[in-house]
Structures are given as structure tokens and as C-alpha cells.
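Secondary and tertiary structure notes
Below, each chain spelled out in residue letters.
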Amino acid sequence: MARALTSEQQDLVDAVTQFCRREVGTGTPGVHHDQELYRKMADLGWLGISLPEKYGGSGLGMTELCLFLETTAYWKAPISGFATTIISAAAYERFGTEEQKQAVLTGVVQGRVESISMSEPGAGSDVGALSCRAERRPGGYLINGQKTWCSNAHIADHILLIARTSTDGGKHDGLTQFMVPTNIDGLEIRGIDTMGGKEVNDLFFTDCFVPDSAVVGEVGHGWKQLMAGLNLERMILAANMLGTAQRAFDDTVTYVKQREQFGRPIGSFQALRHRIADMATELECARLLVADVARTIDENPDKMFPREASMAKLKCTELAKHVALEGMQMMGGYGYATEYGMEAVLRSTVVSTVYGGTSEIQRDIIGKSYGL
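Residues numbered from 1 in each chain as written. Predicted model: local features only at pLDDT ≥ 70, side-chain atom pairs only at ≥ 80, totals over all residues. Heavy atoms only, no water.

Here Trp-149, not a glycine, exhibits a phi torsion of approximately 55°, which is positive. Within the secondary structure layout, Trp-149 lies in strand β3 (residues 140–151). Positioned with a positive phi, Phe-262 is a non-glycine residue whose angle comes to about 55°. Inspection of the secondary structure assignment puts Phe-262 in the loop between β9 (260–261) and β10 (264–265). (Helix = DSSP H or I, 4+ residues; strand = E, 2+ residues; numbered from the N terminus.)

The buried fraction of strand β4 (residues 158–164) is high, at seven of seven residues. Residue alternation in β4 divides its side chains into two sets, His-158, Leu-160, Ile-162 and Arg-164 and Ile-159, Leu-161 and Ala-163, and both sets are buried. For strand β1 (residues 114–117) and β4, the ladder comprises four bridges, and the chain directions are parallel. Each residue of the ladder has a partner; that of Ser-117, found in β4, is Leu-161. In the sheet, β4 pairs with strand β5 (residues 175–181) via seven bridges, with the strands oriented antiparallel. For Ala-163, the partnering residue across the bridge sits in β5 and is Thr-176. (Buried < 20%, exposed > 50% of the residue type's maximum accessible area, 1.4 Å probe, protein only. Pairing = 2+ DSSP bridges.)

This next bit is on the nonpolar core. Counting 82 residues, the largest nonpolar core has Met-41, Phe-82 and Met-235 as its most contacted members. Not counting residues up to four positions away in its chain, the partners in contact with Met-235 are Met-62, Cys-66, Val-290, Val-293, Ala-294, Ile-297, Ala-309 and Ala-312. Counting 19 residues, the second largest nonpolar core, distinct from the first, contains Ile-143, Cys-150, Ile-159 and Val-215. (Core = buried A, V, L, I, M, F, W, Y, C linked by side-chain atoms within 4.5 Å. Contact = heavy atoms within 4.5 Å.)

One pass over the structure, following the stated rule, counts zero disulfides. Cysteine Cys-20 is unpaired, with the sulfur of Cys-66 as its nearest cysteine sulfur at 16 Å. Given the relative accessible area of 0%, Cys-20 is considered buried. The structure places no disulfide on Cys-150, whose sulfur is separated from the nearest cysteine sulfur, that of Cys-132, by 11 Å. Given a relative accessible area of 1%, Cys-150 falls into the buried group. (Disulfide = S-S within 2.5 Å.)

Let us look at the layout of surface pockets. Its boundaries defined by the atoms lining it, the second largest pocket holds a volume of some 670 Å³. Taken together, 31 residues line the second largest pocket, and the ones lying closest to its centre are Met-62, Ala-90, Glu-93, Arg-94 and Leu-232. Of all the elements in the fold, those that place two or more residues in the lining of the second largest pocket are α3 (62–74), α4 (81–95), α6 (222–228), α7 (230–258) and α8 (270–299). Residue contributions to the lining of the second largest pocket peak at seven residues, all from α4. Grouping the constituent residues of the lining of the second largest pocket by class yields 19 nonpolar, six polar and six charged. (1 Å grid on protein atoms, 1.4 Å probe; cavity = no way out; pocket = protein on both sides within 12 Å on 5 of 7 lines; lining within 4 Å. Points joined across faces, edges and corners; volume = space filled by probe spheres on them. Nonpolar A, V, L, I, M, F, W, Y, C, P; charged D, E, K, R; others polar.)

Moving on, we get to the packing of aromatic side chains. Where two aromatic rings form a pair, the distance of their centres and the angle of their planes describe that pair. All chains considered together, the criterion is met by nine aromatic pairs. For the ring pair Tyr-255 and Tyr-334, a centre distance of 6.2 Å and an interplane angle of 50° mean the geometry is tilted. Of this pair, Tyr-255 sits in helix α7 while Tyr-334 sits in the loop between α9 (306–331) and α10 (342–352), and the two are 79 residues apart along the sequence. We classify Tyr-255 as buried; its relative accessible area is 10%. Taking relative accessible area as the criterion, Tyr-334 reaches 37% and is therefore assigned partly exposed. With centroids separated by 6.4 Å and ring planes inclined at 85°, the aromatic side chains of Phe-262 and Phe-269 adopt a geometry described as edge-to-face. For Phe-262, a relative accessible area of 78% corresponds to the exposed category. (Phe/Tyr/Trp six-rings, centres within 6.5 Å; stacked < 30°, edge-to-face > 60°.)

Before going further, it helps to spend a moment on the environment of Thr-176. Checked against the element boundaries, Thr-176 lands in strand β5. On the basis of relative accessibility, which here comes to 0%, the residue Thr-176 falls in the buried class. If sequence neighbours within four positions are ignored, Thr-176 has contacts with Leu-161, Ile-162, Ala-163, Thr-165, Val-215, Glu-218, Val-219, Gly-220 and Gly-222. Separated by 2.8 Å, the side chain of Thr-176 and the backbone nitrogen of Gly-220 make a polar contact. (Polar contact = N/O pair within 3.5 Å; in protein donor to acceptor, adjacent residues only side chain to side chain.)

Written out as C-alpha cells, the structure is:
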């Protein structure tokens with residue numbers, strides 16, 4: 001491991017590694033979220049790793065969160081609900097009322113799942129184009145419209161919904177965040193079939209009423225509140241894919257050492273050996289980038305780092321996809337077999353360059369940060 005960890009950070013990595021070896025093993029194909037396993041992690045205090053101690057969390061920083069994410073991703077721990085949970089929890093921590101914080105943050109620490117919904121059929125990368133409406137009514141808001149690609153809504157307690165409350169001003173004005181219980185009347189959650197199974201959902205709101213107390217932050221300031229959480233979201237995705245990339249790499253190296261053709265291990269051929277060397281070098285670069293950006297965020301918790309966080313997300317997701325594709329190629333037909341798991345890794349890495357802001361969007365953000 002290229003980066004230097006404190007003794008406490010190394011203890012965290014070791015503890016998570018031992019837990020995953022014991023509880024996860026080689027993983028269960030097709031299982032994205034194991035709630036029983038998730039609650040065991042909650043009992044160990046890991047789900048609240050970055051949340052304030054006041055709500056039962058550990059109060060640690062981005063560095064520790066990234067180490068936890070990287071390690072659990074490496075061991076293929078089926079806790080897909082954690083990413084959206086911690087993204088949502090951070091928004092409630094920053095902008096929510098005390099009542100909302102008590103409900104959500106303490107719930108997260110206890111092992112409950114949260115979700116966040118932005119995308120719509122006509123609003124993906126262009127979040128400002130969303131049209132799901134929340135219209136003012138006595139005592140609250142009436143929500144109508146459709147959301148899509150909402151991860152983990154089917155297992156979440158609440159959805160942090162971004163809806164349009166006004167058409168005045170620019171397209172990024174008039175957006176508001178709401179805390180919407182998933183069991184509320186007027187909400188239908190319908191799973192979407194994808195290559196990886198049913199992990200994302202369509203949401204249909206039909207005269208769904210939420211009280212004024214459901215507003216998170218300020219009415220009409222939803223876009224600014226979203227932007228405030230981008231460091232966290234992109235670093236979560238970067239750390240997840242860094243761990244996944246390392247797992248794909250290690251599995252590939254194991255295979256090319258054992259698989260023999262023409263009388264010797266295929267990894268001994270220069271064509272494969274050089275590709276392994278290139279991937280190993282890129283992995284070390286990505287690991288150092290994530291560690292450095294995480295440290296910078298920890299040292300400057302009130303600042304946004306759109307360029308650096310986008311670089312980390314772009315580098316790790318694209319690298320993970322590349323390593324998985326290379327692994328599949330080197331494994332030949334076995335790379336396509338579910339028994340070996342590389343095809344599942346490939347599916348998870350390909351979509352990582354789309355969600356949380358596509359690679360093209362990340363490049364745009366990085367380019368604009370240089371005044372281009």
C-alpha cells in the first residue's frame with residue numbers, strides 16, 4: 001500500500017478486512033444489499049463512520065470513509081445501500097432540521113437505508129431540466145411527476161427528493177429538497193431491470209402530500225444544497241471503484257499465474273506481463289490521488305473541491321472499467337463465466353462511469369475549472 005496510514009486507520013482497514021473475510025467470503029452473486037450483514041456493520045459502528053458523535057456516529061473524516069468504502073468494495077461486501085445512505089445523510093446533517101437529523105442520522109447508524117432522487121426521464125446530466133413539481137398547499141406541498149434511476153429506493157426509509165417548487169428565474173432556481181417517507185400515500189416505487197438486476201427504480205408521484213416539515217434546507221435553494229455535497233458523492237464513487245479495480249486486478253494476476261498455455265503460465269508472456277505492469281502503475285496513481293484529495297477535504301471541511309473530486313471520480317471509474325475489461329480479455333472465455341466473477345465486476349464498473357455524473361460531465365467540470 002503506497003499511502004501512509006495512522007495506526008487507527010490501519011486498524012480500521014484490518015478490522016473491515018477480517019470481517020469481510022469471515023462474513024462475505026467470495027460473495028453471493030446477484031445480491032446487491034444484504035440487510036443482515038448491513039446491520040452487523042452497524043453494530044460495529046462502521047455505518048456512522050463519518051457522522052457526528054451526537055447522533056451515534058464516529059465523527060471521522062473523508063479519509064476513513066474512503067478506506068472503509070475501498071475495503072468493502074474490494075471484498076465485494078453486498079452493502080449497495082450504503083453509498084446513497086451516506087450521501088443523503090450528509091445533506092440532512094448540513095441542511096436538515098434537528099428533527100430530521102434525529103430521524104435520519106440515528107437511523108443510519110442503526111442500519112437503515114436512505115436514498116436520493118434527482119434524475120428524471122428528461123433530466124439526467126442536466127439536472128436543472130427536471131420537472132417533477134411540488135406545489136404549495138395549506139400546510140405543505142403536493143408532489144406530482146416521475147423520477148427514474150433512483151438507487152435503493154425499494155429498501156430505503158426515506159427518499160431525499162429534489163423537486164421544482166417554482167419556475168421563476170433560471171433553470172437551477174426554484175428547486176427544493178424534501179424528505180419523503182417511502183411508505184407515503186401517492187408514491188409508487190417500481191424496479192427497473194438492468195444488467196445488474198433490480199437496484200434502481202422509477203418513482204411515480206401522484207398527488208403525494210408532504211407537510212412543511214418535510215422541506216430540507218431552504219425552499220428554492222435545492223441546487224446550491226446539491227452542489228455542496230458533490231465532494232462527498234464523487235469521493236464515495238471513487239473509493240468504491242478503487243477497491244473494485246484492485247479486486248479485478250488481483251483476480252487477474254492470480255489467474256494468469258495459474259493458467260498455462262504453450263507449456264508455461266500465460267502471465268509470463270511479455271504481452272500480458274506489460275499490461276499487468278501498466279495496470280499496477282495506474283492503480284497506485286489512483287490510490288494516491290484518492291488519498292490526497294480525501295486528506296485535502298479533511299483539512300478544509302468547509303471548502304468545495306470540484307476539480308479534485310471530479311478527477312478522483314473520473315480516474316477511478318474509468319480505471320476500474322479498463323482493468324475489468326483487461327481482466328476479462330486475459331481470462332478468455334472464463335472471463336465471461338459467472339463462476340469466476342469477472343463479468344459481474346465488469347457490469348458494475350461500466351455503469352460507474354455513468355452514475356453520479358458521467359465521465360464526460362467530470363471532464364467538463366475539470367476543464368471549466370481551468371477557465372475553458
